[in-house]
Amino acid sequence: GAREILLWMDKRYSHPLIFVTENGMSAYEPNKEHSIHDDARVEYLEGYIRGFGQALGRGVNLGGYFAWSLLDKCVFYHESQCHHI
């Protein structure tokens with residue numbers, strides 16, 4: 001997971017400053033209620049964040065973490081459709 005890849009990068013590239021960008025997951029969201037109570041996505045992100053913390057505890061130079069957000073979906077749609085998401 002996240003900890004293992006960060007530890008590998010740290011060792012392989014001699015302790016670089018690392019930024020994790022665009023981390024997230026897509027999931028089937030059949031309705032608004034499922035989107036609001038999205039336990040799978042919460043567990044996914046918690047697992048990654050926990051792994052990042054463990055890597056930091058082992059000395060990895062993690063400078064930043066950026067998760068996907070609702071606004072990132074606009075990248076996949078024409079700008080005029082973003083207000084409908």
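Per-chain numbering applies: the sequence of each chain, read as written, is numbered from 1 onward. Selection of residues for local features in this predicted model requires a pLDDT of at least 70, selection of side-chain atom pairs for listing and counting requires 80 or more, and totals for whole chains, interfaces and linings are taken over all residues. No hydrogens and no water enter the side-chain calculation; it runs on all heavy atoms of the structure.

A. Here's a closer look at the packing of aromatic side chains. Two rings belonging to Phe, Tyr or Trp (six-membered ring only in the last case) form a pair when the distance between their centres is within 6.5 Å. Interplanar angles under 30 degrees mark stacking, angles over 60 mark edge-to-face geometry, and anything in between is tilted. Evaluation of the coordinates by the stated rule reveals four aromatic pairs. Aromatic side chains tyrosine 48 and phenylalanine 52 sit 6.0 Å apart centroid to centroid with 65 degrees between the ring planes, which places their arrangement in the edge-to-face category. Of the two residues, tyrosine 48 and phenylalanine 52 both sit in helix H3 (residues 39-57), four residues apart, roughly one turn of that helix. Three exposure classes are used, based on accessible area relative to the maximum for each residue type with a 1.4 Å probe and protein chains only: buried under 20%, partly exposed in between, and exposed over 50%. Looking at phenylalanine 52, the relative accessible area reads 6%, which means it is buried. Here the aromatic cluster, defined as three or more aromatic residues joined through ring pairs, consists of Tyr44, Tyr48, Phe52 and Tyr65. Counting from the N terminus, the helices are the DSSP runs of H or I reaching at least four residues and the strands are the DSSP runs of E reaching at least two.

B. Main features of helix H1 (residues 2-12). Among the residues of H1, Ala2, Leu6 and Asp10 are the ones counted as buried. Around the axis of H1, the buried residues are gathered within 60 degrees of arc, so they sit on the same side. Summarising the geometry of H1, the exposed residues directed more than 90 degrees from the buried face are Lys11 and Arg12. Should any heavy atoms of two residues lie within 4.5 Å, those residues are considered in contact. Residues of H1 that are buried in the fold lie against strand E1 (18-23), H3 and strand E2 (62-67). Downstream of H1 by one or two residues, serine 14 has phi in the positive range, about 55 degrees. Here the arc refers to the set of directions running from the helix axis out to each C-beta atom.

C. Quick look at the pattern of salt bridges. What makes a salt bridge here is a side-chain nitrogen of Lys or Arg within 4 Å of a carboxyl oxygen of Asp or Glu, nothing more. Counted under the stated rule, the structure contains one salt bridge. Across the salt bridge formed by glutamate 4 and arginine 3, the nearest N and O atoms sit 2.6 Å from each other.

D. Geometry of the nonpolar core. By nonpolar core we mean a set of buried residues, namely Ala, Val, Leu, Ile, Met, Phe, Trp, Tyr and Cys, connected to one another through side-chain atoms within 4.5 Å. Listed in full, the eight residues of the largest apolar core are Ala2, Leu6, Ile18, Val20, Phe52, Ala55, Val60 and Leu62. Counting only elements with at least two residues in this core, the list comes to H1, E1 and H3. Each residue touching leucine 62, except ones within four places of it in the same chain, is listed here: Leu6, Ile18, Val20, Phe52 and Leu56.

Functional significance is not addressed by these values, which are geometric in nature.
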